[in-house]
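Below, each chain spelled out in residue letters.
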Amino acid sequence: MHTISFREDILPLKDKLFRLALRITFDRAEAEDIVQDTLIRVWNKRDEWQQMDSIEAYCLTIARNLAIDRSQKMESQNLELTPETQEMPDAKMPDQLMEQNEQLSIIHRLINELPEKQRSILQLRDIEGKNYKEIAVILGLTEEQVKVNLFRARQRIRLKYNEINDYGL
Amino acid sequence: MDYKYIEQLLEKYWNCEASLEEEQILRCFFRQEEVPAHLSRYRSLFAYQDAGKMLKLSDDFDERLLAEIERSVVKAKRLTLQMRLMPLFKAAVIMGFLFTIGGVVKHSMNTGKSEVVYVYDQFERERQDPQVAYKPDSVNASVKDTPQKNVNKQ
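This structure is a prediction, so every number in the text was calculated from the model and none was measured.

Parameters and conventions
- Residues numbered from 1 in each chain as written.
- Chains lettered and ligands numbered in written order.
- Predicted model: local features only at pLDDT ≥ 70, side-chain atom pairs only at ≥ 80, totals over all residues.
- Heavy atoms only, no water.
- Helix = DSSP H or I, 4+ residues; strand = E, 2+ residues; numbered from the N terminus.
- Contact = heavy atoms within 4.5 Å.
- Areas by Shrake-Rupley, 256 points an atom, 1.4 Å probe, with all protein chains shown as cover.
- Buried < 20%, exposed > 50% of the residue type's maximum accessible area, 1.4 Å probe, protein only.
- Axes fitted to C-alpha atoms, helices over the stretch in contact; angles between N-to-C directions.
- Parallel < 35°, antiparallel > 145°, perpendicular 65-115°, else oblique.
- Left-handed = near helix turned anticlockwise from the far one by under 90°.
- Nonpolar A, V, L, I, M, F, W, Y, C, P; charged D, E, K, R; others polar.
- Phe/Tyr/Trp six-rings, centres within 6.5 Å; stacked < 30°, edge-to-face > 60°.
- Lys NZ or Arg CZ within 6 Å of the ring centre and 35° of its normal.
- Polar contact = N/O pair within 3.5 Å; in protein donor to acceptor, adjacent residues only side chain to side chain.
- Core = buried A, V, L, I, M, F, W, Y, C linked by side-chain atoms within 4.5 Å.

Undergrad: Help me get a handle on the overall build of chain A, residues and values and all.
TA: Of the regular secondary structure elements, chain A holds 8 helices and 0 strands. In chain A, the proportion of contacts linking residues at least 24 apart, taken out of those at least 6 apart, comes to 65%. For chain A, the exposed area adds up to about 9,300 Å²; of that, 47% sits on carbon and sulfur atoms.

Undergrad: Break down unusual backbone geometry for me, citing the residues and quoting the values.
TA: Leave glycine aside and you will find that most residues have negative phi; peptide bonds, for their part, are mostly trans. One non-glycine residue, Phe26(A), lies in positive phi territory at about 65°. Given the relative accessible area of 10%, Phe26(A) is considered buried. Residue Cys16(B) is not a glycine yet carries a positive backbone phi of 60°. The topology assignment puts Cys16(B) in the loop between α1 (4–14) and α2 (20–30).

Undergrad: For the packing of helix α2 (residues 14–25) of chain A against helix α3 (residues 28–44) of chain A, give the residues involved together with the corresponding values.
TA: Residues and elements named next belong to chain A. Between α2 and α3, the least distance of the axes is 8 Å, while the angle of their chain directions is 130°. Relative to α3, the element α2 lies oblique. The way α2 lies across α3 gives a crossing that is right-handed. Taking contact as the criterion, the partners of Lys14, Leu17, Phe18, Ala21, Leu22 and Thr25 in α2 are, on α3, Arg28, Glu30, Ala31, Glu32, Ile34, Val35, Thr38 and Leu39. When the residues that make up the contact of α2 with α3 are grouped by side-chain class, the tally is 8 nonpolar, 2 polar and 4 charged.

Undergrad: For the packing of aromatic side chains, give the residues involved together with the corresponding values.
TA: As enumerated under the stated definition, the model contains 9 aromatic pairs over all chains in all. On the numbers, 5.1 Å between centres and 85° between planes, the contact of Phe29(B) with Phe30(B) is edge-to-face. Ring centres of Phe30(B) and Phe46(B) lie 5.0 Å apart, and the angle between their planes is 5°; on these two criteria the pair is classed as stacked. Of this pair, Phe30(B) sits in helix α2 while Phe46(B) sits in helix α4 (residues 43–52), and the two are 16 residues apart along the sequence. Each member of the pair, Phe30(B) as well as Phe46(B), carries the same accessibility label: buried. Following the ring pairs from residue to residue traces out a cluster consisting of Tyr3(B), Tyr13(B), Trp14(B), Phe29(B), Phe30(B), Tyr42(B) and Phe46(B). A cation sits over an aromatic face here: Arg46(A) above Trp43(A), 4.1 Å from the ring centre. Of note, Arg154(A) hangs over the ring of Tyr13(B), and the distance from its end group to the ring centre comes to 3.8 Å.

Undergrad: Before we move on, can you summarise the environment of Ser40(B) with the specific residues and values?
TA: Residue and element names in this part refer to chain B. Mapped onto the elements, Ser40 comes out in helix α3 (residues 37–40). Distance from Ser40 to Phe30, taken between C-alpha atoms, is 8.1 Å for residues 10 residues apart in sequence. At 2.8 Å, the side chain of Ser40 and the backbone oxygen of Ala37 are in polar contact.

Undergrad: Lay out the nonpolar core with the relevant residues and their values.
TA: The biggest cluster of nonpolar side chains holds 70 residues, and the ones touching the most others in it are Ile10(A), Leu39(A) and Phe30(B). In terms of residue count, the dominant contributor to this core is helix α4 (residues 55–76) of chain A (9 residues). Each residue touching Leu39(A), except ones within four places of it in the same chain, is listed here: Phe6(A), Ile10(A), Leu11(A), Lys14(A), Leu17(A), Phe61(B) and Leu65(B).

What follows is the structure, encoded as structure tokens:
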């Protein structure tokens, strides 16, 4: 049986954890802290690693829960959770690329306006490529619930995105 | 070229019925330079997903994390040592306190004795005069003045 190593098996998950934490908190510094805290907590549970079905799911669950806690704390402190704005395109950039950047900004904003559950599921599916079963474990939902939330998220993005492109809203 | 397959996949994507492989096919398709006009608006959506995967932590993250883990291990070791020695420290402090108090009390008692010595000097002078023996002390005087008790009182 493969012995789980922190350096080989767990540390490489850091970027995935970071992206999820960032998607929830919208704050780079906060997301980095969350990843550090997550990995330290996982390290402290090293006696239990071998019994876990999926150490990746375990790490993502902790990261998500920490991120939700922190973003709630930030909200109660009346800190506005504004999604990170995409960098403004360079004036010298070719038109096509500038347009692409603008489109990416729109999508970024639309995703970040979704409720947390939909946002997290979209992140785990479309960007991290997780299947419904894995996402269900991470979020503590049924596969059906994951599919329903993903459906709502994608439909909303499609609707809003088309509105903007058709009517310039 | 027939884009029917791509359009079908796109429809499956919106309905969340596409598999991970099919979603990957869509992403690959939209990475191309040439995309038909009626599908071009979705190019950015899949490009965003590609770009999203490239977001990473800073390079020194590993270093900082491992340093933090090592620090917490050392801190835990130090805490255990402290935990073991703390009762001894507390005992030493208490004993020190008691000794200090005892010393103060003893010192004040010693200071009291010198006054007693002073009184003793007075007795010495008194003893030279035999008349002192006939002088009533306060105890004898009060016995004479006490009225007789009624022993039959119940």
